[in-house]
Amino acid sequence: TKCESGCVCADGLYENLDGRCVPAEECPCEYGGLAYGRGEQIQTECEICTCTKGKWKCVQKTRCSSTCNLYGEGHITTFDGQRFVFDGNCEYILATDGCSVNRPVSSFKIVTENVICGKSGVTCSRSISIYLGNLTIILRDETFTISGENPGVQYKVKKNALHLMFDIIIPGKYNMTLIWNKHMNFFIKISRETQETICGLCGNYNGNMKDDFETRSKYVASNELEFVNSWKENPLCGDVYFVVDPCSKNPYRKAWAEKTCSIINSQVFSACHTKVNRMPYYEACVRDSCGCDIGGDCECMCDAIAVYAMACLEKGICIDWRTPEFCRKF
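In this report, we go over the structure that sits alongside the text. Everything numeric in this text was worked out from a predicted model, so none of it was measured.

What counts and what doesn't
- Residues numbered from 1 in each chain as written.
- Predicted model: local features only at pLDDT ≥ 70, side-chain atom pairs only at ≥ 80, totals over all residues.
- Heavy atoms only, no water.
- Patch = residues over 30% accessible without salt bridge, like charges linked within 9 Å, V, L, I, M, F, W, Y side chains within 5 Å.
- Areas by Shrake-Rupley, 256 points an atom, 1.4 Å probe, with all protein chains shown as cover.
- Salt bridge = Lys/Arg side-chain N within 4 Å of Asp/Glu carboxyl O.
- Helix = DSSP H or I, 4+ residues; strand = E, 2+ residues; numbered from the N terminus.
- Buried < 20%, exposed > 50% of the residue type's maximum accessible area, 1.4 Å probe, protein only.
- Axes fitted to C-alpha atoms, helices over the stretch in contact; angles between N-to-C directions.
- Parallel < 35°, antiparallel > 145°, perpendicular 65-115°, else oblique.
- Left-handed = near helix turned anticlockwise from the far one by under 90°.
- Contact = heavy atoms within 4.5 Å.
- Nonpolar A, V, L, I, M, F, W, Y, C, P; charged D, E, K, R; others polar.
- Pairing = 2+ DSSP bridges.
- Disulfide = S-S within 2.5 Å.

### Things to note about a nonpolar patch on the surface
A grouping of Ile 146, Tyr 155 and Val 157 is seen on the molecular surface, where their side chains present a nonpolar patch of about 210 Å² in accessible area. Counting through the fold element by element, Tyr 155 comes out in strand S16 (residues 154-159). Exposure remark for Tyr 155: the relative accessible area of 34% places this residue in the partly exposed category.

### So, unusual backbone geometry
At Lys 53, a position not held by glycine, the phi torsion is positive, near 50°. Assignment of secondary structure puts Lys 53 in the loop between strand S6 (47-52) and strand S7 (55-60). We note that Lys 182 has phi near 70°; this positive angle belongs to a residue other than glycine. Of note, Lys 182 is situated in the loop between strand S18 (174-180) and strand S19 (186-192).

### Overview of the packing of helix H3 (residues 254-261) against helix H5 (residues 279-291)
The geometry of H3 relative to H5 is characterised by a closest axis approach of 8 Å and an angle of 140° between their N-to-C directions. If you check the angle between H3 and H5, you find them oblique. Crossing of H3 over H5 shows right-handed handedness. From H3, Lys 254, Trp 256, Ala 257, Glu 258 and Cys 261 reach across to H5, where they touch Tyr 282, Cys 285, Val 286, Ser 289 and Cys 290. Tallied by class, the residues present in the contact of H3 with H5 amount to seven nonpolar, one polar and two charged.

### Considering the environment of Val 220
Residue placement: Val 220 occurs in the loop between strand S20 (198-199) and helix H1 (224-230). For the pair Val 220 and Lys 55, spaced 165 residues apart in sequence, the C-alpha to C-alpha distance is 29 Å.

### Quick look at the pairing of strand S17 (residues 164-170)
Most of S17 sits out of view: five of its seven residues are buried. Judged from the six bridges that link them, S16 and S17 form a sheet pairing that is antiparallel. Along S17, the bridge assignment pairs Val 157 with Phe 166. Here S17 pairs with S18 via seven bridges, running antiparallel. Looking across to S18, one finds that Phe 166 is bridged to Leu 178. Taking the residues between adjacent antiparallel strands as the criterion, S17 and S18 are bridged by three residues, where Gly 172 takes a positive phi near 80°.

### Brief notes about the sheet that holds S16
Sheet architecture is open: seven strands sit in the order S10-S9-S8-S19-S18-S17-S16, paired in antiparallel fashion. Bordering the open sheet on either side are strand S10 (83-85) and S16, each of which pairs with just one other strand. Taking each pair of neighbouring strands and ignoring which way they run, the sheet shows an average axis angle of 15°. Of the strand pairs in this sheet, strand S9 (residues 75-77) and S10 are connected by three bridges, and their pairing is antiparallel. Each bridged residue has a counterpart across the sheet, and for His 75 the counterpart in S10 is Val 85.

### Section: the state of the cysteines
Taken as a whole, this structure holds 10 disulfides when the rule is applied. Here Cys 29 is linked by a disulfide to Cys 51, with a sulfur-sulfur distance of 2.2 Å. Between Cys 29 and Cys 51 the disulfide shows an S-S torsion of about 90°. By sign, it is right-handed. With Cys 29 in strand S3 (residues 29-31) and Cys 51 in strand S6, the pair connects residues that are 22 residues apart, well separated along the chain. Across this residue pair, the class does not change: Cys 29 and Cys 51 are buried. In this model, Cys 302 is linked to Cys 327 through a disulfide, with the two sulfur atoms separated by 1.9 Å. Because the torsion about its S-S bond is -85°, the bridge between Cys 302 and Cys 327 counts as left-handed. In this pair, Cys 302 is assigned in helix H6 (residues 297-314) and Cys 327 in the segment after H6, connecting sequence segments 25 residues apart. What makes Cys 327 buried here is its relative accessible area of 9%. Cysteine Cys 27 is unpaired, with the sulfur of Cys 29 as its nearest cysteine sulfur at 8.4 Å. Residue classification places Cys 27 among the buried residues on the basis of a relative accessible area of 12%. Of the cysteine sulfurs around Cys 318, a residue in no disulfide, the closest is that of Cys 312, at 9.6 Å.

Here it is, written out as C-alpha cells:
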C-alpha cells in the first residue's frame with residue numbers, strides 16, 4: 001500500500017554482512033568486531049558459545065576463571081573484559097577482596113607501583129606487591145622476595161626463560177595464578193569458590209563490563225581517570241588528569257613503531273586473527289613503542305607483542321614469533 005525507498009529481503013530472509021539475503025539458519029554472529037558463521041564457536045574463560053541463527057547460545061563451563069591483564073605503559077584489561085589506559089606515578093590497587101560493606105576483611109591485595117619510563121611522561125608497571133595476610137611477595141628488578149608467613153595460604157613459584165609464575169591457593173576462597181614477565185606485563189588469573197566481591201583497577205569481576213569503573217566509594221565513575229584516581233594506595237600521590245599520547249609527543253618514532261608492530265597484523269599471526277581481535281593489541285604496541293624513548297624501546301615493543309601472543313595461546317593458538325633477530329628469548 002505504500003512505496004518506500006531502499007532494498008529489503010523477501011519474507012523469511014535476512015541480510016548478512018555481505019549484503020546477501022539468507023535464511024535465518026545462515027545468519028552470522030558478531031563478537032569483538034569479527035563475524036562468525038553458523039555453528040562456529042568461541043570460548044571465553046567461563047563460557048563456550050555457538051553461533052545459532054545469528055545469535056550466540058552459551059553454555060557455562062563447570063570451572064570458571066577470569067584474567068586481568070596489566071601490560072606495557074598502563075594498559076589494563078579487567079576481569080570482565082573492559083579495556084583502558086592510564087598514566088600515573090603512584091601505587092594503585094589492582095585487585096583485592098573484602099570490598100563489601102558487610103564483610104570488609106581482605107584476604108589478599110595486589111598493588112602495582114608505576115614509575116615514569118619515558119620523556120613523554122608515560123609510565124610502566126615496574127613493581128608488584130602481593131599481600132596475603134602476614135605473607136608478602138614483592139616482584140621487582142626481574143626477581144622476587146618473600147617475607148612473613150601465612151599457614152592459611154598455599155603457594156608455589158615456577159620459572160621459565162621468560163616468566164615468573166606464582167600459584168596461590170586461599171582454601172575455600174580463591175585459586176590464583178600470577179604471571180610476570182619480569183618487566184612490564186602482569187597477569188592475574190582467578191578462579192573463585194566464594195561469592196566474595198572483588199574490586200580495584202581490575203574491576204569487580206561480576207560478569208558485566210559496563211560497571212567495571214566502580215570506585216573505592218562504591219559508585220561507577222563517569223570516566224577511567226576518576227576511577228583510576230580512586231584506587232591510589234597512597235592518597236598523597238597526585239591525581240591523573242589526562243592520558244598522554246606518546247606518538248603525538250614523539251612523532252618521529254611513529255613510523256618505526258607502526259612498522260615493527262605490524263607483525264601483529266602479518267601472516268605470522270594469521271592463525272590467530274579470527275580468534276582474537278588484533279587491533280587493540282596493535283594500537284597498544286604502537287603507543288608503547290612511541291613512548292619508550294629513553295632506552296628499552298625494543299623491550300617495550302616486544303612486551304606488547306607478547307601480550308597478543310599470550311591471548312592467542314589462551315585460545316589454543318601457539319605462535320612461534322620470536323627469532324634470534326626479533327625479540328629473542330633471553
